[in-house]
Structure formats: structure tokens, C-alpha cells
Amino acid sequence: SAGSAATALISLLKDAVSDLKEVDKLLSQISRTNTQLSQSDLNEIGKSSFDIAGKYGKNAADYLSVVREASLSGYQNAAEIAKLSLALQSAGGLSAELAKQFIISADQAYQLGGSVEKLSVILDGSSYIANRNNVNMAELAEGIAAVEARSAALGIRADETAAALGTMMSVTHQHGSEAAKAFQSILLYLQQVTDTERGIDSGGLAEYEAACSALNVSLKETKNGVLALRNPMEVIRDLAAEYSGLSSGDSRRTNLLSSVGGGETANALDAILKNYDIYREMLQEYANGAGFLDTEAKKAADSWEGSINRIGNTWNAVIGNIIDSNTVVSIINSLNSLLTVLDHVTEKLGPLGSIGAGAGLFAGLKNVGSPKMFGHKIVLNIPTVCRFCRIRQFRTYSL
């Protein structure tokens, strides 16, 4: 009915007002976290937020929330970092918090200086590995974020970390946190570092080194006349070459696995040594992943939820018109006043009156975003029909 249509329209406008309030609030917070942004910079961030968020099937507030968090983390290119986060959330099914953790850990571990280009390589490659090997991307991201700092410090590349964890998870079906914990323990044994919390003592390290020696694999090498520990992934490569040729009952296999304490760590070590070919394939997949994340994010944006969010963004953008703080506040105040009156009017009028109210609403909204709507008052003429004499008349409301 006409009355229902008017009520629905008013409901949509109320939702838009609420969303615009959140947009304005987030823009204000962004301006406080990054004082180097000019008013025109903020205006541009606000204007583009609807289109950018829609590209990834999110709403404007989702995007601006990430911009705010990136600004708080010290990123001067917070808007670009936020795009990476939205793509990761949409394509990989990550929460905003996990996406933030993954990006920041990679940036800090490999000292990328906030480079979107270099971060994209890591995100694309990891996402492609997960997609091609039926590994949950959120789990893989959690695992990478947990172990990345230690891996990078030992000279392990980002692709090697992603492929190692991906291999362990695909074979053992461990969760990301479990695979990360197991991989960290393996690295400690390879680097001969004790850890009382993990139950790794000097005796266990000696046992592990002896088990490796039995397979003709040394943990150390001489460089420039100095004996030093080898790169962990090089040791794993050599161990895999020897390990794959052993029978299941060979004591050297049993000794190697028992030297790391058995359990999840032994399962993870067995997985990567027995399936080193999968690890190599994942390294190649990582290299072929350029642009994958953005492509998958666009597919996710075409989902039902993504499409609904895009429609909402378009509607809010129309209502907001120009996103700068002063204009948004003016629009919000005017619409709030207008909707309050219309709520009372449509409640009193019948269906015919609701038609008039809807027409008056559109007439009043034509000036949204222009100075003449934001004067001392808004005059709204709503046509109604007397229920007794059936004579058309106008009622005037001042806001």
C-alpha cells in the first residue's frame, strides 16, 4: 500500500542517517589519529569510502574502521592498507582483527615499511596456496602471523613460511595455531635453542642433532672460517631427501621423530619431510599468486551479502551527497527533524495522506546537500484530503 511504501522509505532514510552518523564519527576519529591529513584528504577518504567498500562487498563503515585502525598503527598510507585488509577479509573469510594481525606481522617481520606492493605479494601468495590446496585461509593466516617474526629472524622467506605451514596443515589437518606451534618447535631444534615452556632442553637438542647426523645431515656449516648453524629450510631440504627413502620401520626415522618429543611436532615434521614435493609445489603456487586476492575479493563482492552491502552503500552515498564533516552533520540534523515530523504525520493520516507525505518528502529531499536546506528552518507542504468533504488541502510544517 501507499502507506506501507512511505513507511518503508522512512525506515530506509533512518538507516541511512544512522550509517552517515557512523561515517562522520569515523572520519573524525581518523582526523585525530593522523593529524597530517588535511580537510580535503578527509573529504576524499569519505567520498571514496562507499565505492571502495562496495568493491569488496563491505559497507563504508567497515572500510573506514580499518582506515582508523591502520592510522592508529602508524601507517601514513592507511587508506591503501585498508584496501588490502578488505580484500583479505572478503576473499579469505578473515575477521577484521585477524586481517590486521596478518598484515602488521608480515610488515614488521620482513621490514617492509608499509609497502602495499610488497605486502600484496605475501597476501596474494598465501591466499593462492590456501585456495589451491583446500587449506582454510583464516587458519593459515593465523599460523603465519604467529610464526612469522621467528621465521624472518632466521632468514626464512615469506613464501617458505607459507609453504611449510600449508604443507603441514594440508597433510595433518592441524589448525593454524597448532601448525605454527609445531613449526616453531622444529625451528628451535634446528637452531639448537632450549625452551623450557616447550620442554626443549640441551639433552633433547643433542638427541635431535645426533638423529640428523645419522641421516648424514649436519645442522652446521663453516662460513668464512667460522662454524655456524645452517639455514633451517636448507636442513629440512636435505633431511627430506634422506627421510623419503627410509622404510616405515627404519630406526633412523623413529629416532628423528622421537627426538622432537613426538606428538604434534613429530606429526608436522613427518608431514613436511615425507611430502617435500607438496612443499615445492606450494612455493611455485605462491609465486604464481599475483593479483589473486583482488580477483577473489571481487567474486566475494558479487555474493548475496556483498550485493546488499553495495546497494546500501549507493543509497547512503546518495543521501550523504558530499562527505565532509560539516555537510554530513547538516544532513543528519535536517533528516532527523524531517523524519520525526513524518513519523507523526503518517501515523495520523490514512493511506491517502501517506501518499501526500511521500510526495512532500521527495520535494523536501531535493535540496539535500545544498545550502538552502540548511537555513533557519525547512518548510514542508504536505497535501492531504479531508475525510469528510474530500477537498484537497495542504498542511504546512516548519522544521
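Per chain, residue numbering runs from 1 following the sequence as it is written. Local features are withheld for residues below a pLDDT of 70 in this predicted model, meaning they are given only at 70 or higher, and side-chain atom pairs are given and counted only at 80 or more; totals for whole chains, interfaces and linings count all residues. As a convention, hydrogens and water are excluded, and side-chain values are obtained from all of the structure's heavy atoms.

**Some details on the pairing of strand S2 (residues 226–229)**
(1) Moving on: Pairing between strand S1 (residues 220–223) and S2: 4 bridges, direction antiparallel. The residue bridging glutamate 221 from the neighbouring strand is alanine 228, located in S2. One requirement defines pairing of two strands: DSSP has to find at least two bridges between them. Counting from the N terminus, the helices are the DSSP runs of H or I reaching at least four residues and the strands are the DSSP runs of E reaching at least two.

**Topic: the packing of aromatic side chains**
(1) Moving on: In this analysis, rings of Phe, Tyr and Trp, with Trp reduced to its six-membered ring, are considered paired at centre separations within 6.5 Å, and the interplanar angle assigns stacked below 30 degrees, edge-to-face beyond 60, and tilted for intermediate values. Under the criterion given, the structure shown has 3 aromatic pairs.
(2) Moving on: Both rings, one in tyrosine 276 and one in tyrosine 279, keep their centres 5.0 Å apart while their planes meet at 35 degrees; by these two values the pair is tilted. Residue tyrosine 276 and its partner tyrosine 279 are located together in helix H14 (residues 276–287), separated by 3 residues, close to a single helical turn.
(3) Moving on: A 1.4 Å probe rolled over the protein chains alone gives each residue an accessible area, and that area as a share of the maximum for its type sets the label: buried under 20%, exposed over 50%, partly exposed in between. Judged by relative accessible area, tyrosine 276 falls into the buried class, the value being 13%.
(4) Moving on: Overall, the relative accessible area of 1% leaves tyrosine 279 in the buried class.
(5) Moving on: Charge-over-ring placement is defined geometrically: NZ (Lys) or CZ (Arg) within 6 Å of the ring centre, and within 35 degrees of the ring normal. Its guanidinium or amino end placed over the ring of tyrosine 243, arginine 253 lies 4.5 Å from that ring's centre, counting from NZ or CZ.

**Considering the packing of helix H8 (residues 158–172) against helix H9 (residues 176–190)**
(1) Moving on: For helices, the fitted axis covers only the stretch in contact; all axes are lines through C-alpha atoms, and the angles between them, taken along N-to-C directions, range from 0 to 180 degrees. For the pair H8 and H9, the least separation of the axes is 10 Å and the interaxial angle reads 120 degrees. What the angle tells us is that H8 and H9 run oblique. H9 is crossed by H8, and the crossing has right-handed handedness. Between H8 and H9, the residues in contact are Ala164, Leu165, Met168 and Met169 and Gly176, Ala179, Ala180, Phe183 and Ile186, respectively.
(2) Moving on: The nonpolar class holds Ala, Val, Leu, Ile, Met, Phe, Trp, Tyr, Cys and Pro. Asp, Glu, Lys and Arg form the charged class, and all remaining residues, Gly among them, are polar. Taken together, the residues of the contact of H8 with H9 sort by class into 8 nonpolar, 1 polar and no charged. When describing relative orientation, an angle under 35 degrees is termed roughly parallel and one over 145 degrees roughly antiparallel, while 65 to 115 degrees is termed roughly perpendicular and anything else oblique. Crossing chirality is assigned from the near helix's rotation relative to the far helix, an anticlockwise turn below a right angle marking it left-handed and a clockwise turn marking it right-handed. The contact criterion used throughout is that any non-hydrogen atoms of two residues lie within 4.5 Å.

These results come straight from atomic positions and should not be treated as a statement about function.
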